[in-house]
Amino acid sequence: MMTSDAAMSRATLGPSERPARRWTATRRGRRLVRMGVLLIAVAAAGLVGPFFVPYDPVALRLEQHLLPPGTRLLNGQIAWLGTDQLGRDLGAQVVHGARVSMLVASSTVVLAGVSGTALGLIAGYYGGTADTVIMRLADLQLSFPALLLAILIAAILGPSVLNVILILSVIRWAVFTRLAYGSVLSLRESQFVEAALSQGATHARVIWSHILPNMVTPIIIVATLQVGTQMLAEASLSFLGLGIPRPLPSWGVTISEGREYLMRFV
């Protein structure tokens, strides 16, 4: 009886290599779990945090500026993280900033994911000119540093929530396009696709009913990882003054405004 390639590769591994691979897989799994827990915590803070910190994050109290954490303000509320240089509650800014970051990141992933996956499906399934044009555009976009490209576009369009979502979608659609393209290339030659075509199924039905369902899992995994990446990208743009406009709460804006006061209290 013939032995499969996978079994032969496992058999040829030395005793020290097999535990090393298992350890690598376990470490990657733990890292993915930690990222998932962090995203859930941020999402929970954005969704239910305002109910526990029901204060205006942009209310100015100049007479109560730069107070330490845990200070009770004149209106009776407790500033658990203190106040900034304008007397605004930093705890409220962090909580409401999480909501803004999740809104931007999730909207970006949905927009980039849908458009990128559709383009990857077209390029991979139909091939020809569509394949050449779409994939060369994806390669061209991926050849630029993502953050530098985002800064360039943001400097032209100006700061706003909608512009940030559009900018981050522009720099991330190619990630989903290449993923979908690779998946389609391996699926379109499958026996179940050939069987569906031989029975008279249209190309649109084959894509929707047979190819797309088999691509959902990797797309969801990449989309989940991209949420955290887009949150960091949004905070970076906001820190530079090119993302969320003031006075809307944002983690990047909060850090940018407080950095000059940091060394005073260290």
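Residues numbered from 1 in each chain as written. Predicted model: local features only at pLDDT ≥ 70, side-chain atom pairs only at ≥ 80, totals over all residues. Heavy atoms only, no water.

**Here we look at the overall build of the protein chain**
Let me state the cut-off plainly: Helix and strand assignments come from DSSP, with helices taken as H or I runs of at least 4 residues and strands as E runs of at least 2, each series counted from the N terminus. Buried means the residue's accessible area, taken with a 1.4 Å probe over protein chains only, is under 20% of the maximum for its type, while exposed means over 50%, and partly exposed covers the values in between. Contacts are assigned to residue pairs that have any heavy atoms within 4.5 Å of one another.
Looking only at helices and strands, the protein chain features 11 helices and 2 strands. In the protein chain, the succession of α and β elements from N to C terminus is α-α-β-β-α-α-α-α-α-α-α-α-α. Counting only residues that meet the buried cut, the protein chain has 38% of its 266 residues in that class. Counting only contacts in the protein chain whose residues sit at least 6 apart along the sequence, the fraction spanning at least 24 positions is 66%.

**So, the side chain of Ser-250**
Along the chain, Ser-250 falls in the loop between α10 (216–239) and α11 (251–262). Accessibility expressed as a relative area gives 1% for Ser-250, which makes it buried. Ignoring sequence-local partners within four residues, the contact set of Ser-250 consists of Gly-97, Glu-234, Ser-238 and Ile-244.

**Notes on unusual backbone geometry**
That bond from Arg-246 to Pro-247 is cis: its omega, 10°, falls within 30 degrees of zero. Along the chain, Pro-247 turns up in the loop between α10 and α11. The phi torsion at Leu-66 lies on the positive side, around 55°, for a residue other than glycine. As for its position among the elements, Leu-66 is in the loop between α2 (17–52) and β1 (71–72). Owing to a relative accessible area of 26%, Leu-66 belongs among the partly exposed residues under this scheme.

**What to know about the packing of helix α4 (residues 128–142) against helix α7 (residues 173–187)**
Rule in force here: Simply put, an axis is a line fit to the C-alpha atoms, just over the touching stretch for a helix, and the angle between two N-to-C directions goes from 0 to 180 degrees. Roughly parallel means an angle under 35 degrees; roughly antiparallel, over 145; roughly perpendicular, 65 to 115; everything else is oblique. Take the far helix as your reference; a near helix turned counterclockwise from it by less than a right angle gives a left-handed crossing, and one turned clockwise gives a right-handed crossing.
Two numbers describe how α4 lies on α7: the axes approach to 9 Å, and their chain directions differ by 135°. One way to sum up the angle between α4 and α7 is to call them oblique. The crossing of α4 and α7 is left-handed. Contact residues: Asp-131, Ile-134, Met-135, Leu-137, Ala-138, Asp-139, Gln-141 and Leu-142 in α4; Trp-173, Ala-174, Val-175, Thr-177, Arg-178 and Tyr-181 in α7.

**Structural notes on the pattern of salt bridges**
Any two side chains of opposite charge can pair if their charged atoms end up close together. Rules: Basic side-chain nitrogens of Lys or Arg form a salt bridge, by our definition, when they fall within 4 Å of a carboxyl oxygen of Asp or Glu.
Evaluation of the coordinates by the stated rule reveals 6 salt bridges. Arg-88 is paired through a salt bridge with Glu-257; the nearest N and O atoms lie 2.6 Å apart. Pair noted here: Arg-88 is in the loop between β2 (78–79) and α3 (90–126) and Glu-257 is in helix α11, with a separation of 169 residues, a long-range link. Note on accessibility: Arg-88 and Glu-257 belong to one class, buried. Salt-bridge contacts for Asp-139 lead to Arg-136; the nearest nitrogen and oxygen are separated by 2.8 Å. Here Arg-136 and Asp-139 lie together in helix α4, a separation of 3 residues that amounts to about one turn. The network of salt bridges with shared partners includes Asp-84, Arg-88, Arg-246 and Glu-257.

**A word on the side chain of Thr-83**
For clarity, the threshold we go by: Here a polar contact means two N or O atoms within 3.5 Å. Within protein one must be a hydrogen donor candidate and the other an acceptor candidate, and residues neighboring in sequence count only if both atoms are side-chain atoms.
Residue position: Thr-83 is located in the loop between β2 and α3. Side-chain polar atoms of Thr-83 contact the backbone nitrogen of Leu-67, separated by 2.9 Å.

**Notes on α10**
Rules: Expected span, for any helix, means 1.5 Å times one less than how many residues it has.
Between its first and last C-alpha, α10 extends 34 Å over 24 residues, near the 34 Å set by a 1.5 Å rise per residue. Buried within α10 we find Ile-219, Ala-223, Gln-226, Val-227, Gln-230, Met-231, Ala-233, Glu-234, Ala-235, Leu-237 and Ser-238. In the stretch just after α10, Gly-241 is the one whose phi turns positive, near 80°.

**Quick word on the confidence of the model for the protein chain**
Filter applied, for reference: The pLDDT value expresses, per residue, how confident the predictor is, ranging between 0 and 100.
When pLDDT is averaged along the protein chain, the result is 83; 82% of the residues meet or exceed 70. Note that residues 1–13 has pLDDT below 50 and, in this model, 5 contacts with residues that lie over four places away or in other chains.

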